[in-house]
Amino acid sequence: MAQDKDKEKGKEPGVLYLGIDLGTSRTSVAASNGVRESVASYVGYPKDLVAMKLLQRDTLYGDDALKHRLSLNLLRPLEHGVLKASDKGGAEADQNLKAARDLLKEIVRRARPRHDDLIYAVIGAPAQASVKNKKAIIEAARECVDSVMLCSEPFSVAYGLDWLDDVLVVDIGAGTTDMCRMHGTMPEDSDQITNTFAGDFVDLELSKLIEKSCPGAQFTIQMVRGIKEKYASVMEKTEPAVVELPVNGKPTQFDLTRQIREACLKIVPPIVDGLHRLIASFDPEFQERLKGRVLLAGGGSQIKGLDLAIESEMRQRLGAGKVVRIGEPIYGGANGALKIAHDMPGDFWEKLR
Amino acid sequence: MPGFPTPSQGDPEAGLFSSAEILRLMRAEFERGRRYGEPVVLMLVAVDRLGHLKDLYGVESAHEILRSVMDMLRAATRDYDYMRCQQGERVVALFPHTDMDGARIVSERLLKSARSLKFDTGGPSIQVSISIGVAGNQGGKLTRFEDMLQAAESGLQLAGAAGGDRALESEAVNGELTRLRGELSTSTGAAEGAELDLLRQAIEFGLSTGEPLVQAKIRELFQLVGSRTSGTDRVEHELIEMALARMESEKRAALLERSRAHEREIELLERRISKLLGLLGVSERELERLASAPGAADTGLASIYRTVQGLAPNAYQADKKREMLMKIFDANLELRKLMQPRSP
């Protein structure tokens, strides 16, 4: 047994730290055993016995679930960054809670913990998640880790990079865009703003534009998401985005460069609105410093030219702006959460077991 | 009747008395009747061809039919003082202070009520019938409760064999058979051997079916036997033909029924085997996959940390971080307190 071999070598069971970014679109984990994994936040359950026998599993996740979605009851348990219907309760909330539990179990499994390790996890939650939402996430996590804490997602991004002073973090996810003002202490509610102009919003806007400009084209929201992830850009000069969409069953090419740019640009004004509010309510002595330290994170930060577009809008409305993109958009939140987990004192973990 | 459960006092099926206890009480009542010379009647009631109904419409439908028949029995006998318990798919009912005339009235009522039941199977509705075996303690022949049960059982079997939807008292049927056998042996002693055997078999069968027409023919025959005329031969032949035709038809029906039952069973078994083979194939493939997959028994990756770490004292901005971590912990502790159920 591995445990016996380790004991022979003088190794005892250890402590595995996990930083988990539980996102609407993607869930990522960074672990202290070196594993980093990411999975699309989809959970699928076979519709019937025939489907179960065909798929040979009772739960599917991520792209695997999307691939077989016709045979599955497909769930995306998070919406706007929080568990769906968790505020209302009822059968839908229970279903989503189960799916969230299963998703968390899967992401923890993918971190490949040893069976005898203590698992301490920090999960990034949206800046303005309600108490009920947070309780639901903790409930889901408690079944697969020994101790769990929640923290604000944009805060965890800043903590992971040691950017704790005079920084504006803009975390663009699928469900929400979270903005957080860091000023050397723990951000309070007034330091954080969340809006829903994020990845899913871009997908919807792009769908509307495609429908309008490509009559007869047949497509699903998953296809639109794939197009966006491949070609997303707000730059005026960019490679043309020529995609094939079926029209009455026949594959037809469409140039969607303009539509993609237009849809992606729509999130810029709401982001700058949020930044404006955070800057304007800050100590006036440090407002200019804040404008010059905007950190762009999350999956949405991968839109080409978005940093420059936000800078341009900030200069127009606020007089100045400097935006930096995080090096690892997918794992930025998870890395930060891992660092928080590592730095948290041991007795804090014990008290929350 | 004080001291004994009746439907108005508590339904045995609801758990007030077990079947064993009810039978014990019935035995006690039988003994009391025997001791004081009071009439007691025992009935065994069964749904006709229940096994056949199960095969055709499923176990659930058969259970529903049984339940409806039980409810019907309860409703039809509510005016009577009696005891009842269920033994598998039959009902045993004891009627104290009831003679055979009273038993006939009760059984007719039950048979009529059963005929009026209809069940919806999703296709054509089905009607059911019941058979009742009756036994009474009048005549003094049944000295033990077990003998009475056995007599009722015989009556039930005869009623079922005769096509169901009837109540038969085995004592009466056996008595009639014995008497007719006696008359036969005295009246037909001069007949030819083979003809006599066939006639005897036909009469036995005719009596056992309980068919009124056949019985009428038998009586007509015996009236004529004493004075052997051409009419006797005619009746004999008619009777024998009827009996043979009936036997042939019953035999064909039984064979067909058995064949269908076997076919259904074979079909079910074949489907089951096919499913099991499929599952076996899946399991075999999964085992192969597990056995051949690299690192199939994944023991996980060890963390680089053997112990809890915490913030290093010389970490960058350690004081600020310490303060932030404390606030994160406090917020989570508060959240846990909110999650705990409140004490009443």
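Below is a short write-up of the structure. (Residues numbered from 1 in each chain as written. Chains lettered and ligands numbered in written order. Predicted model: local features only at pLDDT ≥ 70, side-chain atom pairs only at ≥ 80, totals over all residues. Heavy atoms only, no water.)

Notes on the sheet that holds strand S13 (residues 192-195) of chain A
Whether parallel or antiparallel, the strands of a sheet pair through hydrogen bonds between backbone atoms. Residues and elements named next belong to chain A. Across the sheet, which stays open at both edges, the five strands sit in the order S13-S12-S11-S16-S17 with mixed pairing between neighbours. The open sheet has two edge strands with one neighbour each: S13 and strand S17 (323-325). Each strand of the sheet is rotated relative to its neighbour by a mean of 20°, with strand direction disregarded. For strand S11 (residues 167-172) and strand S12 (residues 177-182), the ladder comprises six bridges, and the chain directions are antiparallel. Counted as the bridge partner of Val170 is Met179 from S12. (Pairing = 2+ DSSP bridges. Helix = DSSP H or I, 4+ residues; strand = E, 2+ residues; numbered from the N terminus. Axes fitted to C-alpha atoms, helices over the stretch in contact; angles between N-to-C directions.)

Concerning the interface of chain B and chain A
Across the contact, 34 residues belong to chain B and 47 residues belong to chain A. Of the roughly 3800 Å² buried between chain B and chain A on both sides combined, carbon and sulfur atoms contribute 63%. It is Arg306(B), Met324(B) and Arg336(B) that lose the most area in chain B upon contact with chain A, and together they represent 18% of the buried surface on that side. Linking chain B with chain A are two salt bridges, by the criterion used here. For Lys320(B), the salt bridge identified is with Asp165(A), shortest N-O distance 2.7 Å. The interface formed by chain B and chain A holds 16 residue pairs in polar contact (both at pLDDT 80 or more) in total. Elements with a minimum of two residues in the side of chain B that touches chain A: helix H9 (230-292) and helix H10 (318-339) of chain B. In terms of residues, the side of chain B that touches chain A owes the most to one element, H10(B), which gives 15 residues. In the side of chain B that touches chain A, the residues fall into 17 nonpolar, eight polar and nine charged. (Contact = heavy atoms within 4.5 Å. Buried area = accessible area lost by both parts, 1.4 Å probe. Salt bridge = Lys/Arg side-chain N within 4 Å of Asp/Glu carboxyl O. Polar contact = N/O pair within 3.5 Å; in protein donor to acceptor, adjacent residues only side chain to side chain. Nonpolar A, V, L, I, M, F, W, Y, C, P; charged D, E, K, R; others polar.)

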